[in-house]
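Analysis of the macromolecular model
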Amino acid sequence: MPPRKIIIDTDPGQDDAVAILLALASPEEIEVLGITCVAGNVPLDLTSRNARIVCELAGKPDVKVFAGCDRPLGRDLVTAEHVHGKTGLDGPDLPDPSMPLQDGHAVDYIIDTLRAEPAGSVTLCPLGPLTNIATAFEKAPDIVAKVQEIVLMGGGYFEGGNITPTAEFNIYVDPQAADIVFRSGVPLVVMPLDVTHKALVTKPRNDAFRALNTPAGIAVAQMTDFFERFDKEKYGSNGAPLHDPCVTAYLINPDLFTGRHINVEIEVTSELTMGMTVADWWRVTDRAPNAMFMGGIDADGFFALLTERLARL
Ligand code: RIB
Ligand code: CA
């Protein structure tokens, strides 16, 4: 089977970085057409810097990286330096990127690529707020039907929220964009906190990254050393949750995950629950299913895959 063509839309972020490394280390399964950056964990100038740092860490300086939207559709930008550090990639000491940003806006790259590639042959993989994706859909409605699938990290149901009691960060930052995407009709696979909080980088797992003794393996271990402190303190968890790499791992081996095809809608009215993914897990409404909402993961299998692929870089 030919590799799956994807565009990664991202706000690096240490976990985004690991997701990108996993994708770039898996050319048999994944062809990364390009990386589009969005404001999220840190402002756009840093997310678009960090994405290039990660591509160079992977030894792939030819990947096309675009800067996109620098703020949500209708709200002030909320960032997460408290989790990811001032640079968004705190932990390892990595050099500034030498590869350039591509000319042109990420939204136009998404539109142009979906128009140029055969319909149904490109998967969008958002790892941050959905501002770029929603903006592309609004600007060029004809591309919506051309998207093969959207596999995204965002939301939560049984886990609640991580930035408010009810909302997960990616959805909370731009709930209007999320609403556009979840109502678009594009087949959705959602990796919510319900599953990513089961993908914890325990010490043995992080030691395995470090033991690779490669620049990528050591950098990932150092990112985790930094990134885990927030979740360990807040949740008392046994390591950092690797949210975004769940998206990439799904593309490589979907059998690592279990979930339900259900209706998921986004709260865009109440400030109390703004950005909540209202997941009809128990199918108590007649609202049509629009998302494969994941809840389970083979965590050992996930980390075995991740470690094996990082070793290739
Ligand atoms: O809530 C976790 C998500 O928000 C992850 O994608 C993390 O990188 C941040 O973007
Ligand atoms: Ca992210």
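Our structure is the block above this text.
Read on for an overview of the structure.

1. Here we look at the packing of helix α1 (residues 14–24) against helix α11 (residues 245–252)
Where α1 contacts α11, the two axes come as close as 7 Å, and the packing angle between them is 20°. In terms of their interaxial angle, α1 and α11 are classed as roughly parallel. Across the interface between the two elements, Asp 15, Val 18, Ala 19, Leu 22 and Ala 23 of α1 pack against Pro 245, Thr 248, Ala 249 and Ile 252 of α11. Looking at side-chain class alone, the contact of α1 with α11 contains 7 nonpolar, 1 polar and 1 charged residues.

2. Digging into the pairing of strand β4 (residues 122–126)
Counting buried residues in β4 gives 5 out of 5 residues, a clear majority hidden from the surface. Here β4 shows no split at all, with Val 122, Leu 124 and Pro 126 on one side and Thr 123 and Cys 125 on the other all buried. One ladder, built from 5 bridges, connects strand β1 (residues 4–10) with β4; its direction is parallel. Paired with Lys 5 across the strands is Val 122, a residue of β4. With 3 bridges connecting them, β4 and strand β5 (residues 147–153) associate as parallel partners. Within the sheet, the bridge partner assigned to Val 122 lies in β5 and is Val 147. The parallel pair β4 and β5, bridged by helix α5 (residues 131–139), forms a crossover whose chirality is right-handed.

3. Examining the environment of Thr 214
For Thr 214, the position within the fold is in the loop between α9 (203–211) and α10 (215–235). Under the relative-accessibility criterion, Thr 214 is labelled buried at 15%. Note: C-alpha distance between Thr 214 and Arg 312 (98 residues apart in sequence) is 9.3 Å. A polar contact of 2.9 Å, which involves the side chain of Thr 214, links it to the backbone nitrogen of Gly 217.

4. Observations regarding the coordination of the calcium ion (ligand 2)
Within the protein, Asp 11 (OD), Asp 16 (OD), Asp 16 (OD), Leu 127 (O) and Asp 244 (OD) serve as the donor atoms for the calcium ion (ligand 2), at 2.3 to 2.5 Å. Along the chain, the residues donating to the calcium ion (ligand 2) are arranged with the sequence spacing D-x4-D-x110-L-x116-D. With Asp 11 in the loop between β1 and α1 and Asp 244 in the loop between β8 (240–241) and α11, the pair connects residues that are 233 residues apart, well separated along the chain. Looking at Asp 11, the relative accessible area reads 0%, which means it is buried. Among the residues examined, Asp 244 registers a relative accessible area of 1% and is labelled buried.

5. Overview of unusual backbone geometry
Residue Asn 213 is not a glycine yet carries a positive backbone phi of 55°. Positionally, Asn 213 belongs in the loop between α9 and α10. Given the relative accessible area of 59%, Asn 213 is considered exposed. The backbone of Arg 283 sits at a positive phi, close to 50°, despite the residue not being glycine. Within the secondary structure layout, Arg 283 lies in the loop between β11 (277–279) and β12 (291–297). Judged by its relative accessible area of 48%, Arg 283 falls in the partly exposed class.

6. Topic: the pattern of salt bridges
Between side chains of opposite charge, a pair can form as their charged atoms come close. With the rule as written, the count across this model stands at 18 salt bridges. Between Arg 183 and Asp 179 there is a salt bridge, with its nearest N and O atoms 2.8 Å apart. Its relative accessible area of 57% is what places Arg 183 among the exposed residues. Classification of Asp 179 by relative accessible area gives buried; the value is 15%. A single network of salt bridges, built from pairs that share partners, joins Glu 28, Glu 29, Glu 308, Arg 309 and Arg 312.

7. A closer look at the site of ligand 1
In the region of ligand 1, 13 residues are neighbours, and Asp 15, Asn 162, Glu 168, Asn 170 and Asp 244 sit closest. At 2.8 Å from an oxygen atom of ligand 1 is found a main-chain nitrogen or oxygen belonging to Leu 127. Take Asn 170: an N or O atom from its side chain is 2.8 Å from an oxygen atom of ligand 1. For ligand 1, whose unbound accessible area comes to 280 Å², protein coverage reaches 97%. Mapped by element, the contributors of at least two residues to the shell around ligand 1 are α1 and α6 (169–173). Within the shell around ligand 1, the residues separate by chemical class into 3 nonpolar, 5 polar and 5 charged.

Procedures and definitions
- Residues numbered from 1 in each chain as written.
- Chains lettered and ligands numbered in written order.
- Predicted model: local features only at pLDDT ≥ 70, side-chain atom pairs only at ≥ 80, totals over all residues.
- Heavy atoms only, no water.
- Axes fitted to C-alpha atoms, helices over the stretch in contact; angles between N-to-C directions.
- Helix = DSSP H or I, 4+ residues; strand = E, 2+ residues; numbered from the N terminus.
- Parallel < 35°, antiparallel > 145°, perpendicular 65-115°, else oblique.
- Contact = heavy atoms within 4.5 Å.
- Nonpolar A, V, L, I, M, F, W, Y, C, P; charged D, E, K, R; others polar.
- Buried < 20%, exposed > 50% of the residue type's maximum accessible area, 1.4 Å probe, protein only.
- Pairing = 2+ DSSP bridges.
- Right-handed = clockwise from strand over helix to strand, strands pointing away.
- Polar contact = N/O pair within 3.5 Å; in protein donor to acceptor, adjacent residues only side chain to side chain.
- Donors = N, O, S within 2.8 Å, 3.2 Å for Na, K, Ca; no water.
- Salt bridge = Lys/Arg side-chain N within 4 Å of Asp/Glu carboxyl O.
- Near = heavy atom within 4 Å.
- Areas by Shrake-Rupley, 256 points an atom, 1.4 Å probe, with all protein chains shown as cover.

Without other data, these values stay purely geometric and don't point to any function.
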